[in-house]
Structures are given as structure tokens and as C-alpha cells.
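The chain contents come next:
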Amino acid sequence: MLNAFYNKVRITEGALTRSALLRLRVFTSLALISVPIFASFEKLHLTEGQKTLGTVIIFACLLPLIFGRIMNTLTRTDKNLDEWEMRLKHKAESFAFKTVFFALTLAVFGGVLLMRFSNVDLHALSLSRADMITMLGLIIYCLSLLPVTYVAWTQKPLAE
């Protein structure tokens, strides 16, 4: 039953045209840029109208990504993929994990260097439990969105 569904939403040439990849690049860029802003709504002291507008913009960027053919391919098990799709999925996942690992390592080392060689007291940040949950959510969000971003920016368009 799942194979019939997978065949209907398999990546086609139309999903990899120049214009489709350009749309994908725009949506992934907007989604990646807007999420840190969304996570810091409370700290920015925005009005309810601004929060609502920001939320609508973020979800408008995410919907084409979540329900797109490329996201569908990247979230399938390997047994339901052909060789090209499996290679693409593994490269995209590898990129996502390397990027998140590098960013977390850089943040930890940056914090250690700041505490060691400057008068900055990182304890003054006083991250609450809600802040930590938000950061964990951002990491999970990035791990799910970065593979699509990788495909959008590295895949060469097929002839239109």
C-alpha cells in the first residue's frame, strides 16, 4: 500500500526544474531565517499582531517544504528509494548533522573562550527551562529542514 503512495509522490522532473529549485531555495532560506526570530518573540516584546504576522509568514514558508516531493523523499526509509534518491538522502542527512554539530561545537567553544578571556559572565544569561526547550526545538527543526536546504542549493536543475 505504501509503495502505491510513494510512487505517486516520487521526485519527478518537474520538482527539479530551475524555477522549482529557485522556489525551494527561497522557502528554505526564509524558513531558516525566520525561526530564530519566532523563537525569540517573547524576548523581542512584540505586539500580538506582529507575533501573529510572523507566525503566519513562517508557516507559509514551511507548508511547501513539508508537503513537497523532496521532503517526502528525504523522510522515506531506504528500501523505498532508488539508488539516486538514497545517495541524495544520505548526503543531505550527512550535511545536516555536520552543520548542526559544527554550530553546537562552535557555540560551546565560543562560550568557553568568552568566559576565559573576557569579563563576560555567561551565567548572567540565565537561560530558563523554557529557553532550553526552545533551543532543543530549534536544533530538531534545523535537523529536519537542513536536508531540504542542502538539496535546494546543491541539486542542478533538469532541463525545462
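Residues numbered from 1 in each chain as written. Predicted model: local features only at pLDDT ≥ 70, side-chain atom pairs only at ≥ 80, totals over all residues. Heavy atoms only, no water.

**Q** Describe the overall build of the chain, naming the residues involved and giving the relevant values.
**A** Looking only at helices and strands, one finds seven helices and zero strands in the chain. Along the chain, from the amino end to the carboxyl end, the secondary structure elements read α-α-α-α-α-α-α. The 160 residues of the chain split such that 28% are buried. Partitioning the contacts of the chain with sequence separation of at least 6, the portion at a separation of at least 24 is 78%. Total accessible area on the chain is roughly 11000 Å²; 69% of this is exposed by carbon and sulfur atoms. (Helix = DSSP H or I, 4+ residues; strand = E, 2+ residues; numbered from the N terminus. Buried < 20%, exposed > 50% of the residue type's maximum accessible area, 1.4 Å probe, protein only. Contact = heavy atoms within 4.5 Å. Areas by Shrake-Rupley, 256 points an atom, 1.4 Å probe, with all protein chains shown as cover.)

**Q** Lay out the layout of surface pockets with the relevant residues and their values.
**A** By volume, the largest pocket is sized at about 350 Å³. At the level of secondary structure, the elements contributing two or more residues to the lining of the largest pocket comprise α2 (18–39), α3 (41–44) and α7 (129–154). Per-element accounting of the lining of the largest pocket gives the leading share, six residues, to α7. For the lining of the largest pocket, a count of residues per class yields eight nonpolar, two polar and three charged. (1 Å grid on protein atoms, 1.4 Å probe; cavity = no way out; pocket = protein on both sides within 12 Å on 5 of 7 lines; lining within 4 Å. Points joined across faces, edges and corners; volume = space filled by probe spheres on them. Nonpolar A, V, L, I, M, F, W, Y, C, P; charged D, E, K, R; others polar.)

**Q** Kindly report on a nonpolar patch on the surface, identifying the contributing residues and their values.
**A** Judged by side-chain polarity, Leu22, Val26 and Leu30 come together as a nonpolar surface patch covering roughly 260 Å² of accessible area. Secondary-structure assignment places Leu30 in helix α2. When its relative accessible area of 40% is taken as the criterion, Leu30 is described as partly exposed. (Patch = residues over 30% accessible without salt bridge, like charges linked within 9 Å, V, L, I, M, F, W, Y side chains within 5 Å. Salt bridge = Lys/Arg side-chain N within 4 Å of Asp/Glu carboxyl O.)

**Q** Describe the confidence of the model for the chain, listing the residues and the values that go with them.
**A** As a general rule, the predicted coordinates of low-pLDDT regions are not to be interpreted in detail. When pLDDT is averaged across the chain, the result is 78; 84% of the residues are at 70 or more. Considering each helix and strand of the chain separately, the mean pLDDT is smallest for helix α1 (residues 2–8), with a value of 60, and largest for helix α6 (residues 83–117), with 87. (pLDDT = per-residue confidence, 0-100.)

**Q** Describe the packing of α2 against α7, listing the residues and the values that go with them.
**A** Relative to each other, α2 and α7 sit at 165 degrees, their axes nearing to 9 Å. Classified by the angle their axes make, α2 and α7 are roughly antiparallel. When the axes of α2 and α7 are compared, the crossing they make is left-handed. Contacts from Leu21, Leu24, Arg25, Thr28, Ser29, Ala31, Leu32, Val35 and Ala39 of α2 reach α7 at Thr134, Leu138, Tyr141, Cys142, Leu145, Leu146, Val148, Thr149, Val151, Ala152 and Trp153. Residues of the contact of α2 with α7, tallied by class, amount to 15 nonpolar, four polar and one charged. (Axes fitted to C-alpha atoms, helices over the stretch in contact; angles between N-to-C directions. Parallel < 35°, antiparallel > 145°, perpendicular 65-115°, else oblique. Left-handed = near helix turned anticlockwise from the far one by under 90°.)

**Q** Mind laying out the nonpolar core, listing which residues take part and the relevant values?
**A** Counting 20 residues, the largest nonpolar core has Leu24, Ala31, Leu65 and Val151 as the members making the most contacts within it. Those elements that place two or more of their residues in this core are α2, α4 (48–66), α5 (69–74), α6 and α7. Among the elements that take part in this core, α7 stands out by supplying six residues, more than any other. If near-sequence neighbours (up to four positions away) are discounted, Ala31 is found in contact with Cys61, Leu62, Leu65, Tyr141 and Leu145. (Core = buried A, V, L, I, M, F, W, Y, C linked by side-chain atoms within 4.5 Å.)

**Q** Give a description of the packing of aromatic side chains that names residues and reports values.
**A** For the structure shown, the criterion picks out one aromatic pair. Here Phe95 and Tyr150 contribute two aromatic rings whose centre-to-centre distance is 5.2 Å and whose plane-to-plane angle is 35 degrees, an arrangement assigned as tilted. On the criterion of sequence distance, the pair formed by Phe95 in helix α6 and Tyr150 in helix α7 is long-range, its members being 55 residues apart. A relative accessible area of 31% places Phe95 in the partly exposed class. Across the ring face of Trp153, the terminal group of Arg25 is positioned such that the distance to the ring centre comes to 5.2 Å. (Phe/Tyr/Trp six-rings, centres within 6.5 Å; stacked < 30°, edge-to-face > 60°. Lys NZ or Arg CZ within 6 Å of the ring centre and 35° of its normal.)

**Q** Describe the packing of α6 against α7, with residues and values.
**A** Contact geometry for α6 and α7: axes closest at 8 Å, N-to-C directions at 135 degrees. It follows from the interaxial angle that α6 and α7 lie oblique. For the pair α6 and α7, the sense of crossing is right-handed. For the pair α6 and α7, the contacting residues are Leu88, Lys91, Ala92, Glu93, Phe95, Ala96, Phe97, Thr99, Val100 and Leu104 in the first and Ile139, Cys142, Leu143, Leu146, Pro147, Tyr150 and Val151 in the second. Considering only residue class, the contact of α6 with α7 consists of 14 nonpolar, one polar and two charged.

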